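Take a look at the letters that make up each chain.
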Amino acid sequence: MINAHSWEEIKDYLKLGSKLTGVVTKHFPFGIFVALPGIKFTGLVEIPDFKDEGYMTPSEYPPVGSSVDIVVLGFKETGQQIRLGMKPSQLNQSK
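A quick note: this is a predicted structure, and the numbers were derived from the prediction, not measured. (Residues numbered from 1 in each chain as written. Predicted model: local features only at pLDDT ≥ 70, side-chain atom pairs only at ≥ 80, totals over all residues. Heavy atoms only, no water.)

Participant: In this structure, what is going on with the sheet that holds strand S3 (residues 42–46)? I would like to understand it.
Facilitator: Taken in spatial order, the 5 strands line up as S1-S2-S3-S5-S4 and close into a barrel, and their pairing is mixed. For this sheet, the mean angle separating the axes of adjacent strands, direction not counted, is 55°. Two strands pair when backbone bridges link them, and strand S4 (residues 67–76) and strand S5 (residues 81–85) are joined in this way by 5 bridges, in the antiparallel orientation. Paired with Val 72 across the bridge in S5 is Leu 84. (Pairing = 2+ DSSP bridges. Helix = DSSP H or I, 4+ residues; strand = E, 2+ residues; numbered from the N terminus. Axes fitted to C-alpha atoms, helices over the stretch in contact; angles between N-to-C directions.)

Participant: Is there a simple way to think about empty space enclosed by the protein in this case?
Facilitator: Over the atoms, a rolling probe the size of a water molecule traces out where space has been left empty. Inspection of the entire model under this criterion finds 2 cavities of 30 Å³ or more. Space inside the largest cavity adds up to approximately 50 Å³. As for the largest cavity, its lining consists of Leu 44, Glu 46, Lys 76, Gln 81, Ile 82 and Arg 83. Every element with two or more residues in the lining of the largest cavity is listed here: S3 and S5. Top contributing element to the lining of the largest cavity by residue count: S5, with 3 residues. (1 Å grid on protein atoms, 1.4 Å probe; cavity = no way out; pocket = protein on both sides within 12 Å on 5 of 7 lines; lining within 4 Å. Points joined across faces, edges and corners; volume = space filled by probe spheres on them.)

Here it is as structure tokens:
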């Protein structure tokens, strides 16, 4: 785990466009939460950020506890949320 204690330190550590492997922790109708390596925050993959084409349904979510490749898409200051993506096109363009 990094020694990041503030939201600003987390944002510095997780660079936009970086590719990571995380672990699915929760399912919700709007997406999944993913535990991120090295920090205590989780990120959110929303339904539009799963597939390049078509619509993702909750029945297609990766199982809780499974490892997934994700890309850091952005940060939402309200609620200090980390936006993640899993689209193949996002993963192919990631660093």
